[in-house]
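Here is how the chains run, residue by residue.
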Amino acid sequence: MAEASICITQDQFSCSICLDVLRDPVTLPCGHSYCVGCIKSHWDLDDRTGVYSCPQCRQTFTPRPVLGKNTVLAEVVEKLKETGLSGPSAPSPSGPGDVLCDVCTGSQVRAVKSCLVCLASYCQTHLQPHCEAAPLKRHQLVEATRQLDRKLCSRHSKLLEVYCRTDRTCVCLMCTVDDHRGHDIIPAAAERTERQKKLEATQRQTQQRLQEREKELQELRQAVDSLRSSAQRAVEDSDRIFSELDRSVKRMRHAVAQLIQVNQQAAEIRGAALLERLEQEIAELRRRDAELSQLSHTEDHIHFLQSYKSFCGRPAGGDVPNISVNPDFSFGVVKKSVLKLKRQLEDIWKEESVKISRTVNEAGVYKLKALQPRTRAEFLHYACRLTLDPKTAHRDLCLSEGNRRVTWVRQDCSPVDLPQRFDCWGQVLCKEGLAGGRFYWEVEWSRGVAAVGVAYARLPRKGREAACALGSNALSWRLSCSGAGWAACHGQRTTAIAAPPGPRVGVFLDHPAGRLSFYSVSGDELALLHSFQAAFTAPLYPGFGVYGYGGTTVALRQLELPPPL
C-alpha cells in the first residue's frame, strides 16, 4: 500500500512563547503545547493570583496543573529534526521604507501587520498569537503603518476612540469629560460609516465626471481626427480645382495665341497677293510712262498724232482694288481684352477668397468645443484681477479698498464731471476690458438692490434713458441682485430667476464662445443662475450698479488661484 504524504509546516511544532521548535513539549488540558521551561516561567508570574491560564486561548486553571512530557509529540519533533526541521522559519528581511517589527531584536525584520489595540507592529512570526489566541483575535489589525502614534491622544496618551463633531477631531474617552464636555460626540466607527457614505457619493461623482471627461476626450479626439481628414480632403480638392483652373487658363492662353497667329497668317497671305499685284502695276506704269515720255519728245507730228490715240486710253494692267492701309494697326486690342479678363479674374478671386476664408473660419465642423468648467476650482483657473474705474463712478458712489469696493453714500464723492462718468445711474465700470479669452470673477453685495454685469466701452453715460442703464440696452448685460431674488436683463428682455438670493455672485465670461454666465456661490459650491449667448464684437468691461438706499455695497472678491490642473 502506498504511503500517505502529509504536509507539515514548522510553525505547527513551534512554541508560541519562545517561537522556537518545541523542546521537551508538554500539553495543557486545553490542548495547546509548549516547551516545559517556557510554560513554567510563564506560570511562575501567575503565582501571585493563583490563577493560571493558557497564553493562547486564555483558558484558566486552578490549581496549577501538573505538567507531564508529551512523549508522542516529543518523538514527532525529534523525527522532524532528523528530516530537516532545524528551527523557526526566517522572518522577512526589511528593506528601505519598510515598517519594522516592534518585538524583534537584533536584525531588522519587516512588519506585516499593525495592531490598533496594542499600538505595535508585528512580523509574520510575532503576529502568530494574534491569529491563534481568542482575546488577541478581537484586536483590530491593519496593514503595517508608521503612524501608530497618531492613534494616541497627545494629552492623555489614550487610544483615540471617538469623534467630536463640534471640533471636528478625534479624541479619547478622557477628552470627552474634559475639553470636549457637552460636545457632539459620536463613536469613530459611526462617524466613519457616515463619512464613508459621503466619500462613496463623492467617489461616484468623481467616477461619473471621469467618465464624462473620458467621453469628451474621445469626442474631442474624434473631432480632431475628423478635422484633420476634412482639412486634408479640402486641400486635395482645392489643389485639384486649381489645377483644372490652371489648365483652363493655359488652354485659353493657347487659344488666344493660336487665334492671333491664324489671323496674322491670313493677313500676311492677303497682303502678299496685294503686294504682288501692286508691284506688277507699278512696273507696267513705269513702262507706259517711259513710252509716253518718248512720244512727247518725238519731232514727227504724223507719228505723234497716230500714236496719241492708243496712249490716251485706259491705263494698262486693268482695274486695281482700292487698298486702304491703317498705319496704326496692331493686336493691342487683344492685349486690352486679356488685361480686362485678368482684372476681372483678380476681382472675382478677391471676392471669393474672402467668402472662402469666412466659410472656413465660421464652419461649425472646424470649431472644437472647449471644455466647460464645472467646479469652482476649475473656474478659479480663469480668475482675473479687476479694479473699479473712479472716472466712471456716479458722484454718489464711494470707492474703497483699492478701488475694489463701491458703496452708495448719498453724497457727492466725485465733484469733477467727466465725459465717461455716469451722471444719473448709480453705476461704475472696471478699468480692464476683457476680450479674446476666458475670465472669472466673484462679487459680494449687501443690502438694497445691486447689479452685476458687463458692457461695451461705448455704453452711453449721460441721461436717465435706458440706453445708459446696465443691461437695459443692446450694449450691456446684467444680473440684478436683491432680497426678493435674481433677474437677468439684456435689451428689452428681463428674465426672473427662481433661486434663493445669496450674497455672492460668480461671473464667467467666455468671450470667443460668446457666453456670459452668472452663478450663485456658496463656499466651494456653484449654482448656475443664468447664461447669455451673444456674438461679442469688442472688449467687455465688468460693471456694477448700486441702487436703493444708502449703505448698499458691491465688492470684488480677492481670488486665490488653485494649483495647475
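The structure displayed is predicted, hence computed values, not measured ones.

### Overview of the packing of helix α5 (residues 188-296) against helix α6 (residues 301-311)
- For the pair α5 and α6, interaxial distance at closest approach is 11 Å and the crossing angle is 155 degrees. Between α5 and α6, the angle is such that the two are roughly antiparallel. Seen from above, α5 lies across α6 with left-handed handedness. Contacts between α5 and α6 involve Arg288, Glu291, Leu292 and Leu295 on the former and, on the latter, His303, Phe304, Ser307, Tyr308, Ser310 and Phe311.
- Of the residues that constitute the contact of α5 with α6, the class distribution is five nonpolar, three polar and two charged.

### Some details on the confidence of the model for the protein
- For the protein, the average pLDDT comes to 82, and 87% of its residues sit at 70 or higher.
- Across residues 1-7, confidence stays below pLDDT 50; counting only partners more than four residues off in sequence or on other chains, it has one contact.
- Scored below 50 in pLDDT, residues 85-90 shows 12 contacts in the model against residues more than four places distant or in partner chains.

### Quick word on the environment of cysteine 38
- Note that cysteine 38 resides in helix α1 (residues 36-44).
- For the pair cysteine 38 and arginine 23, spaced 15 residues apart in sequence, the C-alpha separation works out to 9.3 Å.

### A closer look at the pairing of strand β12 (residues 405-408)
- Across four bridges, strand β11 (residues 397-400) lies against β12 in antiparallel orientation. Within β12, the position partnered with serine 400 by the bridge is arginine 405.
- When β12 meets strand β23 (residues 553-556), the two strands line up antiparallel, connected through three bridges. Residue pairing in the sheet places valine 406 in a bridge with valine 554 of β23.

### Things to note about the sheet that holds strand β9 (residues 169-171)
- The three strands are arranged β9-β8-β10 in an open sheet whose pairing can be described as antiparallel. Each of the sheet's edge strands pairs with one partner strand only, and the pair in question is β9 and β10 (185-187). With strand direction ignored, the average angle separating the axes of adjacent strands in the sheet is 35 degrees.
- By the bridge criterion, three bridges tie strand β8 (residues 162-164) to β9 in an arrangement that is antiparallel. Residue pairing across strands places tyrosine 163 opposite cysteine 170, the latter belonging to β9.
- Its contacts with the sheet put α5 on β8 and β10, and the angle it makes with β10 is roughly 85 degrees.

### A short note on the layout of surface pockets
- Of the pockets and cavities examined, the largest pocket occupies roughly 730 Å³.
- Every residue lining the largest pocket is counted, 17 residues in all, and those nearest its centre are Leu116, Leu160, Glu161, Ala188 and Ala189.
- Among the elements of the structure, β8 and α5 are those that each provide at least two residues to the lining of the largest pocket.
- A per-element tally of the lining of the largest pocket places α5 first, with five residues.
- Residues that form the lining of the largest pocket fall into these classes: 10 nonpolar, one polar and six charged.

### Notes on the nonpolar core
- If you look at the biggest cluster of nonpolar residues, it comprises 45 residues, and the most contacted ones within it are Trp441, Leu516 and Phe544.
- At six residues, strand β15 (residues 449-456) tops the list of elements feeding residues into this core.
- Apart from residues lying up to four places away in sequence, leucine 516 is in contact with Val454, Trp477, Val507, Phe508, Leu509, His530, Ser531, Phe532 and Phe536.
- Counting residues in each nonpolar core, the second largest holds 17 residues, with Cys15, Cys35, Cys38 and Leu80 among its members.

### Comments concerning the pattern of salt bridges
- Enumeration according to the criterion identifies 27 salt bridges in this entry.
- Two residues, arginine 504 and glutamate 442, come together in a salt bridge whose shortest N-O distance is 3.7 Å. Placement of arginine 504 in strand β19 (residues 504-510) and of glutamate 442 in strand β14 (residues 438-446) is noted, with a sequence separation of 62 residues between them. Comparing arginine 504 with glutamate 442, the two get one shared label, buried.
- Here the salt bridges do not stand alone but share partners, grouping Arg209, Glu212, Arg213, Glu216, Arg374 and Glu378 into one network.

### Considering the packing of aromatic side chains
- Under the defined criterion, the tally for this structure stands at 10 aromatic pairs.
- Between phenylalanine 379 and phenylalanine 508 the ring centres are 5.1 Å apart and the planes differ by 80 degrees, which places this aromatic pair in the edge-to-face class. Note that phenylalanine 379 is positioned in helix α8 (residues 376-380) and phenylalanine 508 in strand β19, a separation of 129 residues in sequence.
- By relative accessible area, phenylalanine 379 is classed as buried at 1%.

### Looking at the sheet that holds β19
- Read across the sheet, seven strands follow the order β11-β12-β23-β14-β19-β20-β21 without closing on themselves; strand pairing throughout is antiparallel. Of all the strands in the sheet, the pair left with one neighbour each is β11 and β21 (525-533). Between one strand and the next, the sheet's axes are offset by a mean angle of 20 degrees, whatever the strand orientation.
- With eight bridges connecting them, strand β20 (residues 515-522) and β21 associate as antiparallel partners. Bridge pairing in β21 links arginine 515 to glutamine 533.

What counts, and at which threshold
- Residues numbered from 1 in each chain as written.
- Predicted model: local features only at pLDDT ≥ 70, side-chain atom pairs only at ≥ 80, totals over all residues.
- Heavy atoms only, no water.
- Axes fitted to C-alpha atoms, helices over the stretch in contact; angles between N-to-C directions.
- Helix = DSSP H or I, 4+ residues; strand = E, 2+ residues; numbered from the N terminus.
- Parallel < 35°, antiparallel > 145°, perpendicular 65-115°, else oblique.
- Left-handed = near helix turned anticlockwise from the far one by under 90°.
- Contact = heavy atoms within 4.5 Å.
- Nonpolar A, V, L, I, M, F, W, Y, C, P; charged D, E, K, R; others polar.
- pLDDT = per-residue confidence, 0-100.
- Pairing = 2+ DSSP bridges.
- 1 Å grid on protein atoms, 1.4 Å probe; cavity = no way out; pocket = protein on both sides within 12 Å on 5 of 7 lines; lining within 4 Å.
- Points joined across faces, edges and corners; volume = space filled by probe spheres on them.
- Core = buried A, V, L, I, M, F, W, Y, C linked by side-chain atoms within 4.5 Å.
- Buried < 20%, exposed > 50% of the residue type's maximum accessible area, 1.4 Å probe, protein only.
- Salt bridge = Lys/Arg side-chain N within 4 Å of Asp/Glu carboxyl O.
- Phe/Tyr/Trp six-rings, centres within 6.5 Å; stacked < 30°, edge-to-face > 60°.

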